[in-house]
Amino acid sequence: MLLIRHFEEALVALHEQGHFSGHYHVYIGQEATGVPALADLAPDDALFATHRNHGHLLARGADPGRLFAEILGRRDGYNKGKGGTFHIAAAGLGFYHTTGIVGGNIPLATGAAYAAKTRGTGALSVCLFGDGAMEEGAAPEAFNIASLWKLPVLFLCENNGKYGANKAVGAAQSSTMAAYPLTELPGLYKIPAVQIDGTDVGAVFNAVSEATGRIRRGEGPQFIEAQSVRWPGSEGNWPVLPVATNVNLAWDASPVPESKRDWYRSSDPVLIFIRELVAAGVATREQIAEVEKSVKAEISQAVQFALASPFPEPAEALRDVFA
Amino acid sequence: MRQMAYFEAKLEALREIISADESVHFISDIGTGFLGLSEHRVRFGEIARDFPDRVIAPPISELAFCGLAIGAAMSGLRPVVDLITASFAFEAWPQIINEAANARYMSGGQTQAPVVFHLLHGLRGAGAAQHSQSPQAMLWNCPGLEIVLPASPRDVKGLLKTAVASNNPTVFIDHVLLFECMGDVSENDAAIPFGQAEIKRKGADVTVVATSYMVQRSLAVAEQLAKEGIDVEVVDPRTIVPLDFATIMASVEKTGRVVVVDECHMSCGVAAEIVARIAESGFDKLKAPMRRVATLDVPVPYSPPLEDFISPTEARIAQAIRATMN
């Protein structure tokens, strides 16, 4: 979780320094969903992520240097610089195809589940998407097929809009989605669906383990809505860091500007987990600070690797269109 | 050599393909599988009956079942999806265009999606605007898709085999008016490689480049014009991605006169692209302005005389060929 946090914060800095120019999305605030959710998967399970994929890749063990290189459009990026932030694929980790089209991965993950089921591999497919994807027609169409054909797919909806000021209207959670809670939509297609706190590592791990257990026993698709509170750094069009995270914020949020402090004090999943670890006696503050130090060193090295990686030769643009 | 009807050759190919490879799945309505509303459509049921685990009928959800096929293809299967009428592909456009076409490139070559999308395109008679589309030019504008347009019994069988064996996403665009066409199909015909045009009729005076059902229509016109002393060569690219431009250009260099016949709408259609390439590569070889014969730029009307008026009919093809001779 700290690796993801410091990766994303370093990325914001790289953007501000002009090392890449495109639009991008960070995973800050959702670390407690992706990390425990992916912890219990098998090596041959397939994963289909979205434009907000950096955290998922890192949680699955991707090399931060190659991730940075891809986002910076460099030759050593996972996709040779052809995908960029929205499309990072790492086939060796089960990320065959990462779509930047909201909802586009829901039928694809369903298809990977169809392949796993008909080939009898025992693998399952994990579809990671945001609450907005539920508004696309692809979602209910794929839910219907997944349920009809009892496909081994976990639909993990990361709703990072809990209490979202821009979206909430009246009794509904969202101004753009009439179906609420979101679990009602898969529920209509007879897919077991639960709503959980996506900032609670234990809750996420337990819910995902239970769901994948049912999937592997042949009970068909499962749906989880993991809620988190939107990180205040993504209020504008581009991510802006209210503060550089360090583990001491877990006990003293005063370095955070007052208007953003509430989130760090009560909704930041990394800081919540740190407080939990210390309170439970699993680790001391000092030990966690040591972990953070080594994570920061790793990120610093990864940034250097990416900056040193050359841009691709222009002729590379003409390769990989066809097999 | 056997004489076979086009639909028989297609059914034979489908059966041989699903028999030969366990990873092939047909995602298709059972009642119309790959034969649209033709009277032969029930014959697909025989294949569905023999391969119940690998022929699956989806709900009316083109977006989801095309995406499902792509995701399955990324995970080791070779799905063949029947979208029935080509216009229905627009319901699945986000998956075909945004996902399948881009998957290999966007991933830097890590991922392949060996899926086949089967469509029935074109003016079939009384299809009106929403059941008569020819989306091949739109698809040609999306790099990453192979595009196949068979026009004979031998071609439909050989090209279908290559399409399913291909590691690229392939759009197999068939035409219901070809189904009764007869032709030679040998017992042991091999797959026909993509990117190999075929001279369907040799001639010295005018090169007609035609695709799909327009090949058969152009051949009929060529026979009529032979009586007027015009010797027409008919070139069938068979696949437009990849395109065998060398064979087209060799014919153009021989005749110096070009008509391109295709059922897309005129503007930015397949004919437009082929004419543009010939103009760039061989303008100095031309003895007369090139002509396009395509569907006029209006939505397809229902009433028969209206539909006929906007179609690339035999009369319009003949008129275009004569014009290049003047």
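Residues numbered from 1 in each chain as written. Chains lettered and ligands numbered in written order. Predicted model: local features only at pLDDT ≥ 70, side-chain atom pairs only at ≥ 80, totals over all residues. Heavy atoms only, no water.

Participant: So what's going on with the overall build of chain A? Which residues, and what values?
Facilitator: Helix and strand content of chain A: 11 helices and 5 strands. Taking 2.2 N^0.38 as the reference for a compact globule, 323 residues should give roughly 20 Å; the C-alpha atoms of chain A span a radius of gyration of 19 Å, in line with that estimate. Expressed as a percentage of its 323 residues, the buried residues of chain A come to 56%. Within chain A, counting contacts between residues at least 6 apart in sequence, those at least 24 apart form 71% of the total. (Helix = DSSP H or I, 4+ residues; strand = E, 2+ residues; numbered from the N terminus. Rg over C-alpha atoms; globule rule 2.2 N^0.38 Å. Buried < 20%, exposed > 50% of the residue type's maximum accessible area, 1.4 Å probe, protein only. Contact = heavy atoms within 4.5 Å.)

Participant: Give a description of the overall build of chain B that names residues and reports values.
Facilitator: Counting secondary structure elements, chain B contains 11 helices and 14 strands. For a compact globule of 326 residues, the expected C-alpha radius of gyration is about 20 Å, and chain B comes in at 19 Å, within 12% of that figure. Structurally, chain B occupies a C-alpha span of about 60 × 45 × 40 Å along its principal axes. Sorting the 326 residues of chain B into buried and exposed places 63% on the buried side. The contacts in chain B between residues at least 6 apart in sequence include a share of 80% that link residues at least 24 apart. Here chain B displays about 11800 Å² of accessible surface, and carbon together with sulfur accounts for 53% of that area. Across chain B, 28 positive and 39 negative side-chain charges occur, with their mean positions spaced 4 Å apart. (Areas by Shrake-Rupley, 256 points an atom, 1.4 Å probe, with all protein chains shown as cover. Lys, Arg positive; Asp, Glu negative; His and termini not counted. Charge placed at Lys NZ, Arg CZ, Asp CG, Glu CD.)

Participant: Describe the packing of helix α4 (residues 64-71) of chain A against helix α11 (residues 285-308) of chain A, naming the residues involved and giving the relevant values.
Facilitator: Residues and elements named next belong to chain A. One can describe the packing of α4 onto α11 by two numbers: an axis separation of 8 Å at closest approach and a directional angle of 45 degrees. Comparing the axis directions of α4 and α11 gives the class oblique. Along this stretch, α4 crosses α11, giving a crossing that reads as right-handed. Taking contact as the criterion, the partners of P64, G65, R66, F68 and A69 in α4 are, on α11, E298, I299, A302, V303, F305 and A306. (Axes fitted to C-alpha atoms, helices over the stretch in contact; angles between N-to-C directions. Parallel < 35°, antiparallel > 145°, perpendicular 65-115°, else oblique. Left-handed = near helix turned anticlockwise from the far one by under 90°.)

Participant: Outline the pairing of strand β2 (residues 125-130) of chain A, supporting the account with residue identities and numerical values.
Facilitator: Residue and element names in this part refer to chain A. Burial runs high along β2: 5 of the 6 residues are buried. With 3 bridges connecting them, strand β1 (residues 46-48) and β2 associate as parallel partners. Considered in β2, the bridge of F48 is made with C127. The sheet contact formed by β2 and strand β3 (residues 153-162) spans 6 bridges and is parallel. Opposite S125, over in β3, you have V153 as the bridge partner. (Pairing = 2+ DSSP bridges.)

Participant: Which residues make up the state of the cysteines, and what values do they have?
Facilitator: According to the stated counting rule, one finds 0 disulfides over all chains in the structure shown. Of all cysteine sulfurs, the one in C157 of chain A lies closest to C127 of chain A, which takes part in no disulfide; the gap is 9.6 Å. The class of C127 of chain A is buried, set by a relative accessible area of 0%. C66 of chain B takes part in no disulfide bond, and the closest cysteine sulfur, belonging to C142 of chain B, lies 14 Å away. (Disulfide = S-S within 2.5 Å.)

Participant: How would you summarise the interface of chain B and chain A if you had to cite specific residues and measurements?
Facilitator: Taken residue by residue, the interface counts 38 residues in chain B and 40 residues in chain A. In total, chain B and chain A occlude about 3200 Å² of area from one another, counting both sides; carbon and sulfur atoms represent 66% of this. If you sort the residues of chain B by the area they bury against chain A, L68, Y105 and M106 of chain B come out on top, with a joint share of 22%. At the junction of chain B and chain A, the tally comes to 17 residue pairs in polar contact (both at pLDDT 80 or more). At the level of elements, α3 (62-74) and α4 (93-106) of chain B are the ones that each hand at least two residues to the side of chain B that touches chain A. With 10 residues, α3 of chain B is the largest single contributor of residues to the side of chain B that touches chain A. When the residues that make up the side of chain B that touches chain A are grouped by side-chain class, the tally is 18 nonpolar, 16 polar and 4 charged. (Buried area = accessible area lost by both parts, 1.4 Å probe. Polar contact = N/O pair within 3.5 Å; in protein donor to acceptor, adjacent residues only side chain to side chain. Nonpolar A, V, L, I, M, F, W, Y, C, P; charged D, E, K, R; others polar.)

Participant: Go over the sheet that holds strand β4 (residues 193-197) of chain A, please, and point to the residues and values.
Facilitator: Residue and element names in this part refer to chain A. Strands sit in the order β1-β2-β3-β5-β4 across an open sheet of 5 strands; the sheet is parallel. Only two strands of the sheet have a single neighbouring strand rather than two, namely β1 and β4. Between one strand axis and the next, the sheet turns through 20 degrees on average, direction left out of account.

Participant: Got a sec to walk through the nonpolar core? Specific residues and values, please.
Facilitator: Grouped together as the largest cluster of nonpolar side chains are 82 residues, with contacts concentrated most on F129, F143 and F155 of chain A together with F117 and I278 of chain B. It is α3 of chain B that contributes the most residues to this core, 9 residues altogether. Residue contributions to this core reach at least three from each of two domains, namely domain 1 (2-185) and domain 2 (198-325) of chain B. Once you skip the residues sitting within four places of it in the chain, F155 of chain A turns out to touch I106, T110, C127, F129, F143, A146, I191, P221, Q222, F223 and I224 of chain A. Formed by 66 residues, the second largest nonpolar core is a distinct cluster that contains A49, I71, V247 and I299 of chain A. (Core = buried A, V, L, I, M, F, W, Y, C linked by side-chain atoms within 4.5 Å. Domains from an automatic or database assignment.)

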